[in-house]
Amino acid sequence: VPSIPEISSRYARIMSWDAYCNLPSATSGVISGMDGTQWGKKADWKASKEELAKMAKPSVGSMMSISGTKYMIVNKSDKVFFGVKGDNALVIQPLKKCFLAAIGPKSSQGKLIEEIGKFADSLEKGGY
């Protein structure tokens, strides 16, 4: 019979916020609170709390820094902001209590927007 800490640890792994960052078309991603506190990530996502807090309130024309690379937010489609840097695309979808962001090939930008929307819909239904 497993102990309570063992069960809690197993449950925490199953319910990880990382699952919300696992967009198939993304090379990396993050889910963060609106204050910039990182809840989960995919791959080697590196951004400071300040950078994440800025990302929580994107606007067209703004610059976002992730893992030392600066992306310019160039457009907004429905609720999703997207930016570019070279051959990579950044997509950000702010919600009430958190936001999702992902980076992937610019050629997969449409897929990234669709995928982030599906994850965001699930979070919105949960009140996030």
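What counts, and at which threshold
Residues numbered from 1 in each chain as written. Predicted model: local features only at pLDDT ≥ 70, side-chain atom pairs only at ≥ 80, totals over all residues. Heavy atoms only, no water. Pairing = 2+ DSSP bridges. Helix = DSSP H or I, 4+ residues; strand = E, 2+ residues; numbered from the N terminus. Buried < 20%, exposed > 50% of the residue type's maximum accessible area, 1.4 Å probe, protein only. Axes fitted to C-alpha atoms, helices over the stretch in contact; angles between N-to-C directions. Contact = heavy atoms within 4.5 Å.

Engineer: How would you sum up the pairing of strand 3 (residues 63-66)? Please name residues and give values.
Structural biologist: For a regular strand, side-chain orientation follows a simple rule: the groups alternate between the two sheet faces. Pairing of strand 3 with strand 4 (residues 69-77) involves 4 bridges; the strand directions are antiparallel. Opposite Met 64, over in strand 4, you have Tyr 71 as the bridge partner.

Engineer: Run through the pairing of strand 7 (residues 98-105), naming residues and quoting values.
Structural biologist: Judged by how many residues are buried, strand 7 sits mostly within the fold: 7 of 8 residues are covered. Pairing of strand 1 (residues 28-33) with strand 7 involves 6 bridges; the strand directions are antiparallel. Counted as the bridge partner of Gly 29 is Ala 102 from strand 7. Of the strand pairs in this sheet, strand 6 (residues 88-94) and strand 7 are connected by 7 bridges, and their pairing is antiparallel. Within strand 7, the position partnered with Ile 92 by the bridge is Ala 101. Taking the residues that link successive antiparallel strands as the turn, the strand 6-strand 7 hairpin has 3 residues.

Engineer: Which residues make up the sheet that holds strand 7, and what values go with them?
Structural biologist: Taken together, the 7 strands give an open sheet; going across it, the order is 2-1-7-6-5-4-3, and neighbouring strands pair in antiparallel fashion. Where the open sheet ends on each side, the last strands, each with one partner, are strand 2 (38-42) and strand 3. For this sheet the average axis-to-axis angle between neighbouring strands, irrespective of direction, equals 25 degrees. Seen against the sheet, helix 3 (residues 109-125) touches strand 1, strand 5 (80-85), strand 6 and strand 7 and runs at an angle of roughly 160 degrees to strand 7.

Engineer: Give a detailed account of unusual backbone geometry, specifying residues and quantitative values.
Structural biologist: Residues apart from glycine generally show negative phi values, whereas peptide bonds are mostly found in trans. A positive phi angle is found at Ser 67, which is not glycine, with a value near 50 degrees. Classification of Ser 67 by relative accessible area gives partly exposed; the value is 39%. Look at Asp 78: it is not a glycine, yet its phi comes out positive at around 55 degrees. Mapped onto the elements of the fold, Asp 78 is located in the loop between strand 4 and strand 5. Under the relative-accessibility criterion, Asp 78 is labelled exposed at 67%.

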